[in-house]
Amino acid sequence: MKYLIIGMGPGIGLSSARKFGREGFEVIMVARSESALREFSEQLTSEGITNSYFPADIADEDSFLRLLEHLAAEHPNLDTLHYNASAFNPGMPSEISLTTFATDLKVNVTGALMAAQAFFPSMKQHSRGNMFFTGGGSALYPNAQTSSLGVGKAAMRHFALSLAQECEPAGIHVATVTVCGMVK
């Protein structure tokens, strides 16, 4: 069994990796920081959890797509895809730069779409699989100071719920994990 987490971090990412790893899943981690990934890998390995990691910048669509193609080819029987990536750049709607806003959308929404599209064909072929997308309360309760994050998470939530409708007849479970608060 294999669990891929995109957007590995010290909160939800590490906790989820541990949970799936303890259940016998091989954990595959993706994040920007290779040094952080190495530390997570060492922690999981010391706990007896089989894992591997791949550094990637989701905002770099070409390189992220190449990584997804590689992972989909190497792991055609992936059981669970967990898209946990998030870009957070505080700013009022009238102040946030277009470049920052567009980059945040790439990480919060476009990356989720790319990941789902990479693994959907294999999951559909096998009539099984799980896709989880970590969202946030900012998708449900707008806050002017977190407008970029909120727009991205609202769009990702809509995408995930739409994907769930498409995937259900194929035997693929899709869900959002909506966190309404700060992760510690």
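Quick notes on the rules
Residues numbered from 1 in each chain as written. Predicted model: local features only at pLDDT ≥ 70, side-chain atom pairs only at ≥ 80, totals over all residues. Heavy atoms only, no water. Pairing = 2+ DSSP bridges. Helix = DSSP H or I, 4+ residues; strand = E, 2+ residues; numbered from the N terminus. Axes fitted to C-alpha atoms, helices over the stretch in contact; angles between N-to-C directions. Salt bridge = Lys/Arg side-chain N within 4 Å of Asp/Glu carboxyl O. Buried < 20%, exposed > 50% of the residue type's maximum accessible area, 1.4 Å probe, protein only.

## A short note on the sheet that holds strand S4 (residues 80-83)
Here comes step 1: Ordered in space as S3-S2-S1-S4-S5-S6, the six strands form an open sheet in which the pairing is parallel. One side of each edge strand has no neighbouring strand; the edge strands of this open sheet are strand S3 (51-55) and strand S6 (173-179). Each strand axis lies, on average, 15° off the axis of its neighbour in the sheet, ignoring direction.
Here comes step 2: Sheet topology places strand S1 (residues 2-6) next to strand S2 (residues 26-31); five bridges connect them, and they run parallel. The partner of Ile 5 across the bridge, within S2, is Met 29.

## A short note on the pattern of salt bridges
Here comes step 1: One pass over the structure, following the stated rule, counts six salt bridges.
Here comes step 2: Where Glu 23 meets Lys 19, a salt bridge forms, and the shortest distance between an N and an O atom there is 3.4 Å.
Here comes step 3: Its relative accessible area of 48% is what places Glu 23 among the partly exposed residues.
Here comes step 4: Here Arg 38 and Glu 34 are joined by a salt bridge, their closest N and O atoms 4.0 Å apart.

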